[in-house]
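This is what each chain is made of:
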Amino acid sequence: MYKFPKGLYVDVRIEETFDTKISFKKLTLQEQKIRNNRGAFIRVFDGRRWYYSSTTDINGIQAQIDALAQMATPNREILEHPIVKAFEVNQETIMEYDAKSVTDIPAQEKQELLESYLTLITDPTIVHHSSFYADNKTVKSIYTSKGTAVTFDKQTCGVRINLELSCGEKKNQTSISKAGVFFEDLLNLEDFFQTELEKNIAFTRDAEPVIPGEYPVLLGPEATGVFTHESFGHKSESDFMVGDETMKAEWALGKRIGQSLLTIIDDGTVPGNGYVPYDDEGTKGKKTYIITEGILSGRLHSAATAAQLEESLTGNARAVNFEFEPIVRMTTTYIERGNRPLGDIVAEMENGIYVDTIRHGSGMSTFTLAPDRAYKIENGQIAGPVNVSVVTGNVFSTLAEVDAVSEEFELMSFVGGGCGKMEQWPLPVGFGGPYVRVRKLKVQ
């Protein structure tokens, strides 16, 4: 397809995107935007350094390759370079979403769906709300001088409602979100949105400040997902370890850091926000066990980090769009389901905290979770709501304190926001998992 210069490694990533954004402020339409975009990211490597270019001129890709090649120094041994040797060669076309593409749904139908859920907002406790429907379909093609030629599509869509609530002196801001890969995934969700509205109204009305201290904490699937992503997933991204002997020592494979009930996985083959059948270097998406039964067993790689650490590719080189180079990023990261019923886990807790939903999280060695909805656990039952500012702890200490993992399990995708790393934000990712009990965490 392209004429690749001799003595250099070249890859080309072409992206065609379709996006819809329909937003409301209360019941007033604010925006209805449909956008199509095409662009490409080109890289040339001569064994010493990379040369990059991005363009929206698809017909000018060959000229971009030639211009970058002029800056590079041809290398007869380029195919023997460890990074170039690490790159997979794949040839495949995977188009999963053409038959049920969001591009085929009229914008008016998408708007009417969102408006139908807004009619559920009638309680005066909700003093203001804004909302949006959003979707994206992306088709990527990746070509390399080693022979890779892959094309695939991915798709997401979702509805998000942001709420401001007031009940006397008690104020609250929260959101309700539901996402899927097909438009039909968003249909007939009245019961879901009604239940979430009622939970948030009751929480605003009844929540009392938590008494600070150390508690056994039960994390729901959303909280488990955010904890896994923020506290542990980022630590598994191997570019943090290249050149950092302290980090590599802390992350020594084979090290036990939890009980045998704890397994953490990153899987690019799961449909949803983190779906990556091929990463942005043309590596096939994989299911990577980061922790296996309490033992550190893997980390996430691009070709460069895999070569430098002499490990296998995992399919985690991702860029937020065609304007950026791929770096090591998570896909769908989660704790594997356990074998205990949730009811049995709760019944064992005399005085604890249940974290249901999360506003945001952050952290590396030390993590912080800011709960949205949290509840007391008293005498083996989930009791009244409590306002919790933060739940915090040391990553490895917390993993060692995980002592129960439920058989109930849910993976999630969200609309709005995403993962940030360096200047690349927001990158769609998936997360979730089972209910997870931690013997003690600091709660404030």
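Check the entry above for the structure.
Residues numbered from 1 in each chain as written. Predicted model: local features only at pLDDT ≥ 70, side-chain atom pairs only at ≥ 80, totals over all residues. Heavy atoms only, no water.

## Quick look at the overall build of the protein chain
Next, step 1: In terms of regular secondary structure, the protein chain is built from nine helices and 25 strands.
Next, step 2: Against the 2.2 N^0.38 benchmark of 22 Å for 444 residues, the protein chain shows a C-alpha radius of gyration of 23 Å, consistent with a compact globule.
Next, step 3: Taking the principal axes of its C-alpha atoms as reference, the protein chain extends roughly 70 × 55 × 35 Å.
Next, step 4: The 444 residues of the protein chain split such that 55% are buried.
Next, step 5: Sequence separation of 24 or more characterises 74% of the internal contacts of the protein chain that already satisfy a separation of 6 or more.
Next, step 6: Surface exposure of the protein chain reaches about 19000 Å², of which carbon and sulfur atoms provide 48%.
Next, step 7: Computed over 46 positive and 62 negative side-chain charges, the separation of the two mean positions in the protein chain equals 4 Å. (Helix = DSSP H or I, 4+ residues; strand = E, 2+ residues; numbered from the N terminus. Rg over C-alpha atoms; globule rule 2.2 N^0.38 Å. Buried < 20%, exposed > 50% of the residue type's maximum accessible area, 1.4 Å probe, protein only. Contact = heavy atoms within 4.5 Å. Areas by Shrake-Rupley, 256 points an atom, 1.4 Å probe, with all protein chains shown as cover. Lys, Arg positive; Asp, Glu negative; His and termini not counted. Charge placed at Lys NZ, Arg CZ, Asp CG, Glu CD.)

## Observations regarding helix 4 (residues 190-206)
Next, step 1: Here helix 4 is 17 residues long and its end C-alpha atoms lie 24 Å apart, about the 24 Å a rise of 1.5 Å per residue gives.
Next, step 2: Of the residues making up helix 4, those classed as buried are F193, E196, L197, N200, I201, F203 and T204. The arc that holds every buried residue of helix 4, seen down its axis, measures 160°, which confines them to one face.
Next, step 3: Buried residues belonging to helix 4 abut helix 3 (107-118), strand 5 (126-144), strand 6 (149-167), strand 7 (170-180), strand 19 (374-378) and strand 20 (381-387). (Expected span 1.5 Å × (residues − 1). Arc of directions from axis to C-beta.)

## Some details on the packing of aromatic side chains
How two aromatic rings sit relative to each other is set out by the distance from centre to centre and by the angle between their planes.
Next, step 1: With the rule as written, the count across this model stands at 21 aromatic pairs.
Next, step 2: With a centroid separation of 6.5 Å and an interplanar angle of 55°, the aromatic rings of Y2 and F4 are classed as tilted.
Next, step 3: Centroid distance F414 to F431: 5.5 Å. Interplanar angle 20°. Geometry classified as stacked. With F414 in the loop between strand 22 (402-412) and strand 23 (419-421) and F431 in strand 25 (residues 430-443), the pair connects residues that are 17 residues apart, well separated along the chain.
Next, step 4: Its relative accessible area of 24% is what places F414 among the partly exposed residues.
Next, step 5: An aromatic cluster of at least three residues, connected via ring pairs, comprises Y9, F45, W50 and F87.
Next, step 6: Above the ring of F132, the side-chain terminus of K21 is found at 4.8 Å from the ring centroid.
Next, step 7: Across from the ring centre of F396, 5.0 Å away, lies the NZ or CZ of K255, which sits over that ring. (Phe/Tyr/Trp six-rings, centres within 6.5 Å; stacked < 30°, edge-to-face > 60°. Lys NZ or Arg CZ within 6 Å of the ring centre and 35° of its normal.)

## A short note on unusual backbone geometry
Next, step 1: The linkage connecting W425 with the following residue, P426, adopts the cis geometry, with an omega of 0°.
Next, step 2: Of note, P426 is situated in strand 24 (residues 424-427).
Next, step 3: Positive phi values are uncommon outside glycine, yet N188 reaches one of about 60°.
Next, step 4: Relative to the elements of secondary structure, N188 occurs in the loop between strand 7 and helix 4.
Next, step 5: A positive phi angle, near 50°, is found at N379, a position not held by glycine.
Next, step 6: The exposure class assigned to N379 is exposed, which follows from its relative accessible area of 62%.

## Regarding the pattern of salt bridges
When the charged atoms of two side chains with opposite charge come close together, those side chains can pair.
Next, step 1: Taken as a whole and judged by the stated rule, the model has 31 salt bridges.
Next, step 2: The salt bridge involving E184 is made with K100; its shortest N-O contact spans 3.2 Å. Of this pair, E184 sits in the loop between strand 7 and helix 4 while K100 is found in the loop between strand 4 (91-94) and helix 3, placing the two residues 84 residues apart along the sequence.
Next, step 3: We classify K100 as partly exposed; its relative accessible area is 42%.
Next, step 4: In this structure, K421 engages D239 in a salt bridge whose closest nitrogen and oxygen atoms are separated by 2.8 Å. Taken together, the positions of K421 in strand 23 and D239 in the loop between helix 5 (221-233) and helix 6 (245-250) put the pair 182 residues apart, joining distant regions of the chain. (Salt bridge = Lys/Arg side-chain N within 4 Å of Asp/Glu carboxyl O.)

## A look at the side chain of T138
Next, step 1: For T138, the location among the structural elements is in strand 5.
Next, step 2: A polar atom in the side chain of T138 sits 2.9 Å from the side chain of N136.
Next, step 3: Filtering out sequence-adjacent residues up to four positions away, T138 remains in contact with E16, T17, F152, D153 and K154. (Polar contact = N/O pair within 3.5 Å; in protein donor to acceptor, adjacent residues only side chain to side chain.)

## With respect to the environment of R205
Next, step 1: Examined against the element boundaries, R205 turns out to sit in helix 4.
Next, step 2: Using a relative accessible area of 42% as the deciding quantity, one classes R205 as partly exposed.
Next, step 3: A sequence separation of 37 residues divides R205 from G168, and the C-alpha atoms of the two residues are 8.3 Å apart.
Next, step 4: The contact partners of R205, leaving out residues within four places of it in the chain, are C167 and K170.
Next, step 5: Only 3.0 Å separates the side chain of R205 from the side chain of D206, close enough to count as a polar contact.

## Here we look at the nonpolar core
Next, step 1: Core analysis: the largest hydrophobic core is formed by 40 residues, its most contacted members being F232, I353 and L399.
Next, step 2: If we skip the residues at most four places from it in the chain, L399 touches F227, F232, I257, G258, L262, I264 and I291.
Next, step 3: Residues V102, C157, I161 and L197 belong to the second largest nonpolar core, which totals 24 residues. (Core = buried A, V, L, I, M, F, W, Y, C linked by side-chain atoms within 4.5 Å.)

## Digging into helix 3
Next, step 1: With twelve residues, helix 3 extends 17 Å between its outermost C-alpha atoms, agreeing within 8% with the 16 Å of an ideal straight helix rising 1.5 Å per residue.
Next, step 2: Every buried residue belonging to helix 3 is among A107, K110, Q111, L113, L114, Y117 and L118, and all of these are buried. Buried residues of helix 3, viewed axially, fall in a sector of 155°; they line one side.
Next, step 3: Residues of helix 3 that are buried make contact with strand 1 (9-25), strand 2 (28-45), strand 5, strand 6 and helix 4.

## Observations regarding the environment of A86
Next, step 1: Tracing the sequence through the fold places A86 in helix 2 (residues 82-86).
Next, step 2: A86 sits in the partly exposed class, given a relative accessible area of 23%.
Next, step 3: When the C-alpha positions of A86 and Q259 are compared, they lie 34 Å apart, and in sequence the two are 173 residues distant.
Next, step 4: Every residue in contact with A86, bar those within four places of it in the chain, is listed here: A303 and L313.

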